[in-house]
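One letter stands for each residue in the lines below.
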Amino acid sequence: MSNILVCDDDKTIVDAMEIYLTQEGYAVYKAYDGEEAIRILKEEDIRLLIIDVMMPKLDGIHATLKIREYSSIPIIILSARSEDADKILGLNVGADDYVTKPFNPLELVARVKSALRRYTTLGSMSGEEEGNVYRTGSLVVNDDTKQVFVDDEEVRLTPIEFNILKFLVSNAGRVFSSEQIYENIWNEEAFGSDNIVAVHIRHIREKVEIDPKNPRYVKVVWGIGYKAEKM
């Protein structure tokens, strides 16, 4: 059973999410502002966070920034706004996914399950996954230990970033569109995926490239998509 933390200043929404998540077998912890959420994360074994953007004391964006300083736990952002800019902002600060209010509770549960599957696959909860070691140049992606190294220095990635990089490096030299990357990583139909994938690619470059503006490993093939350079 996974512990899930739900954080929203609207207690009605928190209670409703608790009902649906509990029915799926999850243990639900509740918080009503970002500061309380961070405190619970440090005290309890939480496996996924659902957090609203607009809250008192510490909003969801700034809370996510603080959490990403020490944790790669999956984070799903809730927002009452549907504009792409708000979604991109959430992803930019380290969220793995977002859900726009008002939302279908069953969709939220499905996204929770998907995020937890990716987190488990990454190996944060289980060391029993078998895999391979993929490399291109001095970039090494170890799917056994779920680690990434550049010039023998370990680089810390979020679950989504790791899976995207592993997908590209294990297929080094091949070009994939944003839609192909999205469907392979998120395991759902790509709809408006360009910006989402672009944000994660940028984050990966910032972590694995010496000069992200002139990348050596993860490159854009203009008008087509992305690839890991084969070396």
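Details of the structure are given in the entry above.
### Brief notes about the pattern of salt bridges
- Applying the stated criterion across every chain yields a total of 19 salt bridges.
- A salt bridge links Glu 36 to Arg 39; its shortest N-O distance comes to 3.9 Å. Of this pair, Glu 36 and Arg 39 both sit in helix α2 (residues 34-43), 3 residues apart, which is roughly one turn of that helix.
- Of the charged contacts in the structure, one is a salt bridge between Arg 111 and Glu 188, with a shortest N-O distance of 3.8 Å. Taken together, the residues span a long stretch of sequence, with Arg 111 in helix α5 (residues 105-122) and Glu 188 in the loop between α7 (178-186) and α8 (194-208) at a distance of 77 residues.
- Note on Glu 188: relative accessible area 29%, which makes it partly exposed.

### Quick notes on the sheet that holds strand β8 (residues 147-150)
- Within the open sheet, the 4 strands sit side by side as β6-β7-β8-β9. Their pairing is antiparallel. Each edge of the open sheet carries a strand with a single partner, namely β6 (133-136) and β9 (153-155). Each adjacent strand pair in this sheet contributes to an overall mean axis angle of 25°, direction not counted.
- Its contacts with the sheet put helix α6 (residues 159-169) on β6, β7 (139-142) and β8, and the angle it makes with β7 is roughly 110°.

### Points about α2
- Turning to α2, its buried residues are Gly 34, Ala 37, Ile 38, Ile 40 and Leu 41. The buried residues of α2 occupy one face: seen down the axis, they fall within an arc of 165°. The outward face of α2, more than 90 degrees from its buried face, is lined by the exposed residues Lys 42 and Glu 43.
- Looking at the packing, one finds that the buried side of α2 touches β1 (3-7), β2 (27-31), β3 (48-52) and α3 (60-67).
- Between a side-chain oxygen at the N-terminus of α2 and the backbone nitrogen of Glu 35 the separation is 3.0 Å; the capping residue is Asp 33.

### Considerations on the packing of α6 against α7
- Relative orientation of the contacting elements α6 and α7 amounts to 120°, with a least axis distance of 10 Å. Comparing their axes, α7 and α6 come out oblique. The element α6 and its partner α7 pack so that their crossing is right-handed. Side by side, α6 and α7 meet where Ile 160, Asn 163, Ile 164, Phe 167 and Leu 168 of the first sit next to Ile 181, Asn 184, Ile 185 and Trp 186 of the second.
- Residue composition of the contact of α6 with α7, by class: 7 nonpolar, 2 polar and no charged.

### Some details on a negative patch on the surface
- A cluster of acidic side chains, namely Glu 179, Glu 183, Glu 189 and Asp 194, defines a negative patch on the protein surface.
- Following the sequence through the fold, Glu 179 ends up in helix α7.
- Among the residues examined, Glu 179 registers a relative accessible area of 35% and is labelled partly exposed.

### Looking at the packing of aromatic side chains
- What the rule picks out here adds up to 2 aromatic pairs.
- With centroids separated by 4.5 Å and ring planes inclined at 50°, the aromatic side chains of Phe 167 and Phe 176 adopt a geometry described as tilted. Accessibility classification places Phe 167 together with Phe 176 in one group, the buried group.
- The ring of Tyr 32 is capped by Lys 11, whose NZ or CZ atom sits 5.1 Å from the centre of that ring.

### Things to note about the packing of α2 against α3
- Where α2 contacts α3, the axes come no closer than 9 Å and their chain directions differ by 25°. Relative to α3, α2 is oriented roughly parallel. The handedness of the crossing between α2 and α3 is right-handed. For the pair α2 and α3, contact is made by Gly 34, Ile 38 and Leu 41 and by Ala 63, Lys 66 and Ile 67, respectively.
- Among the residues making up the contact of α2 with α3, the classes are represented as 4 nonpolar, 1 polar and 1 charged.

The rules we used
- Residues numbered from 1 in each chain as written.
- Predicted model: local features only at pLDDT ≥ 70, side-chain atom pairs only at ≥ 80, totals over all residues.
- Heavy atoms only, no water.
- Salt bridge = Lys/Arg side-chain N within 4 Å of Asp/Glu carboxyl O.
- Helix = DSSP H or I, 4+ residues; strand = E, 2+ residues; numbered from the N terminus.
- Buried < 20%, exposed > 50% of the residue type's maximum accessible area, 1.4 Å probe, protein only.
- Pairing = 2+ DSSP bridges.
- Axes fitted to C-alpha atoms, helices over the stretch in contact; angles between N-to-C directions.
- Contact = heavy atoms within 4.5 Å.
- Arc of directions from axis to C-beta.
- Polar contact = N/O pair within 3.5 Å; in protein donor to acceptor, adjacent residues only side chain to side chain.
- Parallel < 35°, antiparallel > 145°, perpendicular 65-115°, else oblique.
- Left-handed = near helix turned anticlockwise from the far one by under 90°.
- Nonpolar A, V, L, I, M, F, W, Y, C, P; charged D, E, K, R; others polar.
- Patch = residues over 30% accessible without salt bridge, like charges linked within 9 Å, V, L, I, M, F, W, Y side chains within 5 Å.
- Areas by Shrake-Rupley, 256 points an atom, 1.4 Å probe, with all protein chains shown as cover.
- Lys, Arg positive; Asp, Glu negative; His and termini not counted.
- Charge placed at Lys NZ, Arg CZ, Asp CG, Glu CD.
- Phe/Tyr/Trp six-rings, centres within 6.5 Å; stacked < 30°, edge-to-face > 60°.
- Lys NZ or Arg CZ within 6 Å of the ring centre and 35° of its normal.

The quantities given are spatial measurements derived from coordinates; they are silent on function.
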